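# Understanding the architecture of this molecule
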Amino acid sequence: MTYLLAHPARVAALAATHVELVVIALVVAALFAFPLGVLAARRPRVSPWLLGTLGAIYTVPSLALLAVVVQWVGLGFLPIFIALVVYAQFMLARGVAAGIGGVDAAQVDAARGLGMSSSQVLWGVEVRQALPVMLGGVRIATVASIAIATLGGYVGGVGLGVLIFNGLTLHQPAMIVAGSIAASLLAIAADGALRLVERAATI
Amino acid sequence: MTPASISFEGASVRYSGASRNAIENITLECEGGELVVLLGPSGCGKSTLLRTVNRLVPLDAGRVLLDGTDVTQLDAVELRRQIGYVIQAIGLFTHMTVAQNIAVVPRLLGWDGATSAARVDELLQLVGLDPTAYRDRSPNRLSGGEAQRIGVARAIAAKPRALLMDEPFGAVDSLVRTSLQRELIRIVRELRTTTLFVTHDVEEAFRLADRIVVMRLGRIEQTGTPEELLAKPATTYVRELVHAADEVYERYYLASRERLRGSPP
């Protein structure tokens, strides 16, 4: 706690880059995960393969995945960003697939029968109905990403992981604790905030 | 809009993996303003036939004509906006209010807010619900009968050329069903909308139909007015289904029909 109290500006600056990293990674991840999740919900035969593959990737230890990505793109912002995007696929796509797949079939039938176009059915009915479940996936992915993003301190000098890994190198437990506590607080805050959003979206 | 005629010409549908056609070479004419009931057991193809009209089910052979125009010549989405659609599961959008549900098709057609809102109130009154009490309610807070009244209001909101109803009153209890049937008769008479109505309930068919189409195994067994079916059943199946030549049933069905419809206008 001493480091945290002595250098609030430094911790805050690193926390800001941490948040930035996680948010950008999740937005980009969602651009892939959303269509993949919709595909899984639409094609029951493809679904187990798709989610199975994403699930297999998800089980690769993050440090190992990161090591592979570093071999490929070098150090910096990019490897941790790519790792987060890849990791989040399973959690996000599973949420989208469960959400869209769970929408009341009668509402979808009615929407089509009344003359909504496919995109109006998707955005106006299916996504809206699936929103609470999809946001559950976003929440889990966010919390996990905040934790995994600490590895960014190891491979790229970004985020709160910088404190943790510098603390390890410099034998400064206070720095490690500061980085860990700040990351945990971020995760708890994100979880709480997203729970509120989820509740607001519940029908 | 003027009520449209609906014609099926040799319409056939086969679902992938099925051993026989869901509907087989169906030819049928429904005049503008007519209420035609498709009657038969589950699996007889009546819902499939209904859903070919708004192209929710594509035909494998034959044609469906709406006022003489092959429906495949029309844009499917535009076509559906001109045809009301009511289903047994109702399918009210639970993330919308009652008013928003009713206004779905008007909004899709680009009606302005004030016109839609006025239409919503008019329709709530038409289906016997107080606009002030129901307008802003969530569909989750409606009884089954109320929900289906909203379902009917939603289907006819934009004055469709035809109305498709797939076992619309199958999930409500018989008392509520009777009052819904009575109101449907009144509404259809008022709107003069060509209506295709699917049911497996013989009494319901007799009460509502201008004409009944009896279906079995994807084919039409007989088409006729309720009186014709009772007087001259074309097949054993029809005779047994409607209990033709059984005076008790005949009197019961015709009395039930008359009671519900009141004296003809």
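Cut-offs and rules
- Counting restarts for each chain, with residues numbered from 1 along the sequence as it is written.
- Just so you know, chain letters begin at A and ligand numbers begin at 1, following the order they were written in.
- Per-residue local features are limited, in this predicted model, to residues with pLDDT of at least 70; the limit for side-chain atom pairs, both in listing and counting, is 80 or more; totals at the level of whole chains, interfaces and linings are taken over all residues.
- Hydrogens and water molecules were not included; the side-chain quantities draw on all heavy atoms of the structure.
- Starting at the N terminus, helices and strands are each numbered in turn, a helix being any DSSP run of H or I of at least four residues and a strand any DSSP run of E of at least two.
- Each helix should span, by expectation, one fewer than its residue count multiplied by 1.5 Å.
- Three exposure classes are used, based on accessible area relative to the maximum for each residue type with a 1.4 Å probe and protein chains only: buried under 20%, partly exposed in between, and exposed over 50%.
- Points on a 1 Å grid, built from protein atoms alone, make a cavity when a 1.4 Å probe fits but cannot get out and make a pocket when they are open with protein on both sides within 12 Å along at least 5 of 7 lines; residues with an atom within 4 Å of a point are the lining residues.
- Grid points are joined across faces, edges and corners, and a volume is the space filled by probe spheres set on the points.
- Gly counts as polar in this scheme, as do all residues outside two lists: the nonpolar Ala, Val, Leu, Ile, Met, Phe, Trp, Tyr, Cys and Pro, and the charged Asp, Glu, Lys and Arg.
- Paired strands, as defined in this entry, are two strands with at least two bridges between them according to DSSP.
- Crossover handedness is defined by viewing with both strands directed away from the observer: a clockwise path from the first strand over the helix to the second marks the crossover as right-handed.
- What makes two residues a contact is simply this: any of their non-hydrogen atoms within 4.5 Å.
- Two N or O atoms count as a polar contact when they lie within 3.5 Å, although within protein this holds only if one can serve as hydrogen donor and the other as acceptor, and sequence-adjacent residues are included solely when both atoms are side-chain atoms.
- Note on geometry: axes are C-alpha line fits, over the in-contact stretch for helices, and angles between N-to-C directions span 0 to 180 degrees.
- Oblique is the label for every angle not falling under 35 degrees (roughly parallel), over 145 degrees (roughly antiparallel), or within 65 to 115 degrees (roughly perpendicular).
- It is the rotation of the near helix from the far one that decides the hand of a crossing: anticlockwise by less than a right angle makes it left-handed, clockwise makes it right-handed.
- The salt bridge criterion pairs a side-chain nitrogen of Lys or Arg with a carboxyl oxygen of Asp or Glu, the two atoms within 4 Å.

## Describing helix H7 (residues 144-156) of chain B
Its 13 residues give H7 of chain B an end-to-end C-alpha distance of 19 Å, which sits within 8% of 18 Å, the value for a rise of 1.5 Å per residue. Among the 13 residues that make up H7 of chain B, 12 are buried, leaving the element largely enclosed by the rest of the structure.

## Quick look at empty space enclosed by the protein
Under the counting rule described, the total for this entry stands at 2 cavities of 30 Å³ or more. The volume enclosed by the largest cavity comes to roughly 60 Å³. Lining the largest cavity are Val127, Arg149, Val152, Phe169, Leu180, Glu183, Leu184 and Ile187 of chain B. Where the lining of the largest cavity is concerned, the elements lending two or more residues are H7 and helix H8 (174-191) of chain B. Sort the elements by how many residues they give to the lining of the largest cavity and H8 of chain B lands first, with 4 residues. Residues belonging to the lining of the largest cavity are distributed by class as follows: 6 nonpolar, no polar and 2 charged. The calculated volume of the second largest cavity comes to roughly 40 Å³. As for the second largest cavity, its lining consists of Leu114 of chain A together with Arg80, Arg81, Ile83, Gly84, Val105, Arg154, Ala155, Ala157, Ala158 and Pro160 of chain B. When residues of the lining of the second largest cavity are traced back to their parent elements, those giving at least two are helix H2 (76-81), strand E6 (83-87) and H7 of chain B.

## Points about the pairing of strand E8 (residues 194-199) of chain B
All names here are of chain B. For E8, a buried count of 6 out of 6 residues is recorded, marking the element as mostly surrounded by other parts of the structure. Residues of E8 alternate between two faces, with Thr194, Leu196 and Val198 on one and Thr195, Phe197 and Thr199 on the opposite face, all of them buried. Here strand E3 (residues 35-39) runs beside E8; their pairing, made up of 5 bridges, is parallel. Bridge pairing in E8 places Val37 opposite Phe197. In this region the chain leaves strand E7 (residues 162-166), passes through H8 and returns to the parallel neighbour E8; the handedness of that crossover is right-handed.

## Re the environment of Tyr15 of chain B
Residues and elements named next belong to chain B. Looking at the secondary structure, you find Tyr15 in the loop between strand E1 (6-13) and strand E2 (23-30). On the basis of relative accessible area, Tyr15 is assigned to the partly exposed category, the value being 38%. Those residues in contact with Tyr15 that lie beyond four places of it in its chain are Ala22, Thr48 and Val57. Reaching out from Tyr15, the side chain makes a polar contact with the side chain of Thr48 at a distance of 2.8 Å.

## What about the packing of helix H2 (residues 8-42) of chain A against helix H7 (residues 118-148) of chain A?
All names here are of chain A. One way to put it is that H2 packs onto H7 with a least axis distance of 10 Å and a crossing angle of 135 degrees. Relative to H7, the element H2 is oriented oblique. Once H2 is placed against H7, the crossing between them reads as right-handed. On the side of H2, the interface is formed by His18, Val22, Leu26, Phe34, Val38 and Arg42, while H7 contributes Leu122, Trp123, Glu126, Val127, Met134, Ala141, Thr142, Ser145 and Ile146. Class assignment for the residues of the contact of H2 with H7 results in 10 nonpolar, 3 polar and 2 charged.

## A closer look at the sheet that holds strand E4 (residues 61-66) of chain B
All names here are of chain B. Strands sit in the order E2-E1-E4-E5 across an open sheet of 4 strands; the sheet is antiparallel. Looking at strand neighbours, the two that pair on one side only are E2 and strand E5 (69-70), the edges of this open sheet. Looking at chain direction, E1 and E2 are connected through 5 bridges and run antiparallel. Note that in E2 the partner of Phe8 across the bridge is Leu28. Helix-sheet contacts for helix H1 (residues 46-53) involve E1, E2 and E4, and the interaxial angle to E1 is about 120 degrees.

## Some words on the environment of Leu194 of chain A
Residues and elements named next belong to chain A. When you line up the elements, Leu194 lands in helix H10 (residues 173-201). The exposure class of Leu194 is buried, given its relative accessible area of 18%. In this structure the C-alpha to C-alpha distance between Leu194 and Val143, which are 51 residues apart in sequence, comes to 9.9 Å. In contact with Leu194, not counting residues within four places along its chain, are Val138, Arg139 and Thr142.

## Concerning the packing of helix H4 (residues 62-73) of chain A against helix H5 (residues 77-101) of chain A
Residues and elements named next belong to chain A. The contact between H4 and H5 brings their axes to 9 Å, and the two run at 130 degrees. When the interaxial angle is binned, H4 and H5 end up oblique. In this structure, H4 meets H5 at a crossing whose hand is right-handed. Packed against H4, whose contacting residues are Ser62, Leu65, Leu66, Val69, Val70, Trp72 and Val73, the element H5 presents Leu78, Pro79, Ile80, Ile82, Ala83, Val86 and Tyr87 at the interface. Split into classes, the residues belonging to the contact of H4 with H5 amount to 13 nonpolar, 1 polar and no charged.

## Observations concerning the layout of surface pockets
If a probe the size of a water molecule is rolled over the atoms, the empty space left behind becomes visible. All names here are of chain A. For the largest pocket, the calculated volume is near 420 Å³. Contributing to the lining of the largest pocket are 21 residues, with Leu26, Ala30, Leu92, Val138 and Thr142 lying nearest its centre. Sorting the residues of the lining of the largest pocket by element identifies H2, H5, H7 and H10 as the ones contributing at least two each. Among the elements that make up the lining of the largest pocket, the one with the highest residue count is H2 (9 residues). Grouping the amino acids of the lining of the largest pocket by side-chain chemistry returns 19 nonpolar, 2 polar and no charged.

## Here's the deal with the pattern of salt bridges
Residue and element names in this part refer to chain B. All told, the structure shown has 19 salt bridges over all chains when counted by the stated rule. For Glu183, the salt bridge identified is with Arg149, shortest N-O distance 2.7 Å. Pair noted here: Glu183 is in helix H8 and Arg149 is in helix H7, with a separation of 34 residues, a long-range link. Residue Arg251 pairs with Glu247 through a salt bridge whose shortest N-O separation is 3.4 Å. You can see Arg251 and its partner Glu247 sitting in helix H12 (residues 247-261), 4 residues apart, about one turn around the helix.

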